[in-house]
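Coordinate analysis (summary)
Residues per chain are reported as follows:
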Amino acid sequence: MAKVTMYCTVVCPFCTRAEMLLKQRGVTEIEKIFIDKDPAQRDIMMERTKRRTVPQIYIDDKHIGGYDDLAALDQAGGLVPLLSA
């Protein structure tokens, strides 16, 4: 199973939805980086992703994007193969 990393905040409905979708697809562990608890991580996230919003999801070293990007990848049939690689 691929490593999943998610930049998120404590109160974020899209982060929760992303986590639920990932778990439905068999992900048992998500490394969560809370940018509201550690503001330095927000700067790191913005440097890595060039985005300001959460969630920002990585599968292994591939930047997936936010929840909408994750859901679109899943609907296109690309999420499960990526997680299995």
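Here, the structure is the one placed above.
The rules behind the values
- Residues numbered from 1 in each chain as written.
- Predicted model: local features only at pLDDT ≥ 70, side-chain atom pairs only at ≥ 80, totals over all residues.
- Heavy atoms only, no water.
- Helix = DSSP H or I, 4+ residues; strand = E, 2+ residues; numbered from the N terminus.
- Rg over C-alpha atoms; globule rule 2.2 N^0.38 Å.
- Buried < 20%, exposed > 50% of the residue type's maximum accessible area, 1.4 Å probe, protein only.
- Contact = heavy atoms within 4.5 Å.
- Areas by Shrake-Rupley, 256 points an atom, 1.4 Å probe, with all protein chains shown as cover.
- Lys, Arg positive; Asp, Glu negative; His and termini not counted.
- Charge placed at Lys NZ, Arg CZ, Asp CG, Glu CD.
- Phe/Tyr/Trp six-rings, centres within 6.5 Å; stacked < 30°, edge-to-face > 60°.
- Lys NZ or Arg CZ within 6 Å of the ring centre and 35° of its normal.

**Quick notes on the overall build of the protein**
- The helix and strand tally for the protein stands at 4 helices and 4 strands.
- Helices and strands appear in the protein in the N-to-C order β-α-β-α-β-β-α-α.
- Taking 85 residues into account, the globule formula puts the C-alpha radius of gyration at 12 Å, and the protein, at 12 Å, falls close to it.
- Taken along the three principal axes of its C-alpha coordinates, the protein extends 35 × 20 × 20 Å.
- Counting only residues that meet the buried cut, the protein has 40% of its 85 residues in that class.
- Counted over contacts in the protein with a minimum sequence separation of 6, partners at least 24 positions apart contribute 61%.
- Element-wise, carbon and sulfur atoms account for 51% of the exposed surface of the protein, whose accessible area totals about 5100 Å².
- Charged side chains in the protein number 12 positive and 12 negative. The centres of these two groups are separated by 3 Å.

**Observations regarding the packing of aromatic side chains**
- On inspection of all chains with the given rule, the structure shows 1 aromatic pair.
- Ring centres of phenylalanine 14 and tyrosine 67 lie 6.2 Å apart, and the angle between their planes is 40°; this geometry places the pair in the tilted category. Separated by 53 residues along the polypeptide, phenylalanine 14 in helix H1 (residues 13–24) and tyrosine 67 in helix H3 (residues 67–75) bring together distant segments of the chain.
- With a relative accessible area of 15%, tyrosine 67 lands in the buried category.
- Between the NZ or CZ atom of lysine 37 and the centre of the ring of phenylalanine 34, over which it lies, the distance is 4.7 Å.
- If you follow arginine 48 out to its NZ or CZ, it ends over the ring of tyrosine 58, 3.9 Å from the centre.

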